[in-house]
Structures are given as structure tokens and as C-alpha cells.
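Observations on the model geometry
What follows is each chain in one-letter form.
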Amino acid sequence: MYKTIAPDRAAKPNDMSIQKFIKPFIFLGLMVNLSQAQEKNSYKLDFGPGKVVKGYTQVLPNDAYSKEKGFGFDFDSKVEGINYDGKNLLTSDLVKSSKPFYFSVSVPEGNYKIKVTLGDPNAEMLTTVKAESRRLMLENVKTTAGQSLTKTFIVNVKDRHIAGEQAVSLKPRELTKLDWDDKLTLEFDHQTALQALEIKRVEDQITVFLAGNSTVVDQDDEPWASWGQMIPRFFKPGVAIANHAESGLTLGSFLGSKRLAKILSIMKPGDYLFIEFGHNDQKDKGPGDGAYQSYTERLKTFISEVKKKGGILVVVTSTSRRSFGAAGKIVNSLGDFPRRRTEGRFRRESGFN
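Keep in mind the model is a prediction, meaning the values are calculated, not measured.

1. A word on empty space enclosed by the protein
All told, the structure shown has four cavities of 30 Å³ or more when counted by the stated rule. In this structure, the largest cavity encloses a volume near 80 Å³. Every residue lining the largest cavity is counted, 13 residues in all, and those nearest its centre are Met137, Ile154, Pro232, Val239 and Ile241. Here the element with the most residues in the lining of the largest cavity is strand E10 (residues 149-157); it accounts for four residues.

So, in C-alpha cells, the structure goes:
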């Protein structure tokens with residue numbers, strides 16, 4: 001004989017009380033999931049209208065970038081999608097264009113390993129790849145008809161935030177720079193056929209930080225350029241170039257805008273800081289200014305602070321201006337600034353080797 005026993009409601013917690021108890025945890029879980037979605041740091045992308053490789057996300061020509069999606073073609077880029085129905089699902093479809101196009105992904109600050117697969121089964125192609133504000137990553141990569149070629153490089157993504165609720169003081173013109181936004185942007189030039197992209201955050205890179213002025217900064221507009229934005233093309237994976245330079249800066253304004261503080265907040269032992277100043281420091285004419293006074297003291301600050309972090313500081317000789325004498329030869333227009341770092345007394349006093 002079965003017996004039905006009515007539940008003892010007095011012995012159980014009130015249903016409403018349970019709901020009130022668990023609601024904060026549900027909300028917390030949703031916030032954690034949202035945060036994780038916003039902090040996505042890896043992508044495997046299969047370009048083109050063909051079948052998608054397992055584990056990859058398909059990207060079609062009309063996939064425009066949005067913060068919600070997290071990836072897509074940027075700045076109204078136009079590409080053509082082609083499917084050749086080959087056996088290799090990753091390389092038999094692609095997107096291509098004979099004009100520059102941009103592709104962006106939403107990622108947090110860090111170093112990212114980029115694997116890009118290029119090529120067209122039916123045509124020769126030529127590709128140059130730049131990152132963020134025109135940092136040169138790959139130059140004139142050629143593929144023959146039927147060739148698929150995978151290249152790997154490292155891109156540094158930075159933001160202005162510093163621990164302790166501080167931030168880098170950006171100039172108005174920097175507020176719209178790709179170097180300082182919340183995404184990683186790749187620019188594809190010439191005749192590009194893009195088959196696949198893999199993007200993954202990596203923690204094992206030596207980071208070379210750059211500090212300087214207009215001769216170092218990532219210049220936004222053609223035809224202007226600097227050595228700082230060209231140098232990434234000459235480093236293999238294992239080294240990330242993090243360019244924190246900006247036009248018009250001196251050692252003093254670099255410090256004052258908290259750019260050195262930003263670098264020190266993320267520098268690891270064994271990382272490098274390359275600094276090149278002098279052009280704008282030379283224009284400072286206040287009391288105590290000059291190569292042997294304020295410039296020297298600020299150099300010492302850079303050296304000592306980097307050493308505290310276990311970093312390695314390299315002082316780059318100031319790039320010569322295009323100043324020519326009567327004989328048509330370059331003349332030094334930077335006074336004592338280039339030679340100051342090499343003088344024995346300065347090296348002894350600062351501990352700079």
C-alpha cells in the first residue's frame with residue numbers, strides 16, 4: 001500500500017527566501033561570463049564562403065567589425081569571397097582584394113601571436129601586413145598560384161590604464177589612434193588572398209618597449225614613417241615590440257604623461273626599453289635645462305627605474321636631422337645631446353653600461 005505524505009511546509013525554507021538567496025549568485029555568474037566574453041584572447045578564423053574547418057569560426061565578406069561580435073572587417077573594407085571546393089577546407093576558400101583592407105578583433109592588452117595563411121589556388125598574390133597604427137609586420141610576401149603560405153609574427157596591444165586607477169595622459173590626436181583603442185587591427189595591402197587567421201595571447205615573449213618622439217612613434221598617415229614602426233618586421237616570434245613613443249615628447253613630458261610609469265607597470269625582468277630623445281629636449285630653455293642638466297638627470301631616472309624592474313635599457317643615438325652644411329654634408333644640429341650618453345663621467349654616475 002502506497003501512502004502519500006503531504007510536504008511539511010513549515011519545515012522547509014520559504015521559496016521566496018531561496019530565490020532571494022540565489023539571485024545574487026546568478027547575477028555574479030552572469031557578470032563573470034560577460035567579463036570572460038569581453039576578455040576573449042584567442043581566435044581561429046576561417047575566411048571564405050566554403051565549408052568551415054572544425055574548431056574555426058567562419059568569416060564572410062559582409063562580416064563587419066562590431067564590439068558585440070568581437071571581430072570583423074573594419075573601416076568599410078570591401079573584399080570578395082571565393083570558394084574553390086578543394087579538399088583542404090581551410091585553404092580552398094578565401095577572401096581577396098586588390099585594395100587595402102582592415103580586419104580587427106577585440107582583445108585585452110598583451111602580446112599576441114598571429115598566424116596568417118595567405119594564397120590563391122588560381123592566382124599569384126602579393127601581401128604586406130601592418131598592425132595597429134601602420135606597424136610593419138610582413139613585407140611583400142609573394143605566393144604563386146596554388147600556393148598556401150603561413151607566416152607568424154607578434155603584435156603588442158596596449159591600453160592607457162595603469163594599476164592604481166592611473167592612466168597615461170594622451171594628446172587629443174592620440175585618442176583616435178589604433179595604437180590606443182580596445183582592439184587589434186591588421187591592415188592587408190597590395191593583392192591579398194586571406195585564407196585563415198589564428199590569434200592567441202602569449203606570455204613567453206621578450207618585450208622591447210620603445211620610448212621617443214616623432215622619429216620613433218607609429219605614424220598614422222602615409223608617407224610619414226619612423227624607425228620605431230618599421231623595426232617589428234625584422235624580429236621573429238619570441239620578441240614583441242611595444243611602441244610607446246609620441247611626437248613632440250621630451251624625456252620630461254614622457255615622464256610627466258605617465259608613459260614611463262605605464263611601461264614599468266607591465267615590464268618583466270629581461271625586457272628591454274629603447275629610448276631616443278634629444279630633438280625636443282633641445283628646445284627646452286628654462287633654468288636647469290640642457291644636455292648636462294635636466295636631460296642628464298632624467299636619463300638617470302630612466303636607467304635606475306628600469307634596473308629596479310630587472311629590465312635592460314638601451315639609449316639610441318638621436319636620429320640626425322636633415323641639416324646640410326655649405327659643402328653639402330650632414331652637420332650636427334643636436335648639440336651635445338647625442339654624445340652625452342657616451343661620456344665616461346655620465347656612465348659612471350648613472351651606472352649605465
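After presenting the structure, the write-up continues.
2. Some points on the sheet that holds strand E15 (residues 239-243)
Spatially, four strands are ordered E15-E14-E16-E17 in an open sheet, and the strand pairing comes out parallel. Single-partner strands in this sheet number two, and they are E15 and strand E17 (312-315). Mean inter-strand twist for the sheet, computed between neighbouring axes without regard to direction, equals 20 degrees. Two elements, strand E14 (residues 206-212) and E15, share five bridges in a ladder whose sense is parallel.

3. What about the nonpolar core?
Counting residues in hydrophobic clusters, the biggest one holds 30 residues, and the most contacted among them are Phe103 and Leu197. Elements represented by at least two residues in this core include exactly strand E1 (42-47), strand E3 (71-74), strand E6 (101-106), strand E7 (110-118), strand E8 (125-131), strand E9 (135-143), E10 and strand E13 (183-202). Setting aside chain neighbours within four positions, we find phenylalanine 103 in contact with Leu45, Phe47, Val59, Phe71, Gly72, Phe73, Asp74, Leu184, Thr185, Leu186, Phe188 and Leu197. Leu251, Phe277, Leu299 and Leu313 belong to the second largest nonpolar core, which has 20 residues in total.

4. Focus on the packing of aromatic side chains
Considering all chains together, one arrives at eleven aromatic pairs under this definition. Both rings, one in phenylalanine 73 and one in phenylalanine 103, keep their centres 5.2 Å apart while their planes meet at 80 degrees; by these two values the pair is edge-to-face. You can see phenylalanine 73 sitting in strand E3 and its partner phenylalanine 103 sitting in strand E6, a full 30 residues away along the chain. For the pair phenylalanine 73 and phenylalanine 103, a shared accessibility class is recorded, and that class is buried. Centroid distance phenylalanine 254 to phenylalanine 302: 6.0 Å. Interplanar angle 45 degrees. Geometry classified as tilted. Pair noted here: phenylalanine 254 is in helix H3 (residues 251-256) and phenylalanine 302 is in helix H5 (residues 294-308), with a separation of 48 residues, a long-range link.

5. Concerning unusual backbone geometry
For the bond running from glutamate 222 to proline 223, omega is 0 degrees, close enough to zero to count as cis. One non-glycine residue, arginine 134, adopts positive backbone phi at about 65 degrees. By the element assignment, arginine 134 lies in the loop between E8 and E9. Residue classification places arginine 134 among the buried positions, given a relative accessible area of 8%.

Conventions used here
Residues numbered from 1 in each chain as written. Predicted model: local features only at pLDDT ≥ 70, side-chain atom pairs only at ≥ 80, totals over all residues. Heavy atoms only, no water. 1 Å grid on protein atoms, 1.4 Å probe; cavity = no way out; pocket = protein on both sides within 12 Å on 5 of 7 lines; lining within 4 Å. Points joined across faces, edges and corners; volume = space filled by probe spheres on them. Helix = DSSP H or I, 4+ residues; strand = E, 2+ residues; numbered from the N terminus. Pairing = 2+ DSSP bridges. Axes fitted to C-alpha atoms, helices over the stretch in contact; angles between N-to-C directions. Core = buried A, V, L, I, M, F, W, Y, C linked by side-chain atoms within 4.5 Å. Buried < 20%, exposed > 50% of the residue type's maximum accessible area, 1.4 Å probe, protein only. Contact = heavy atoms within 4.5 Å. Phe/Tyr/Trp six-rings, centres within 6.5 Å; stacked < 30°, edge-to-face > 60°.

Everything listed is a geometric property; what it means functionally is a separate question.
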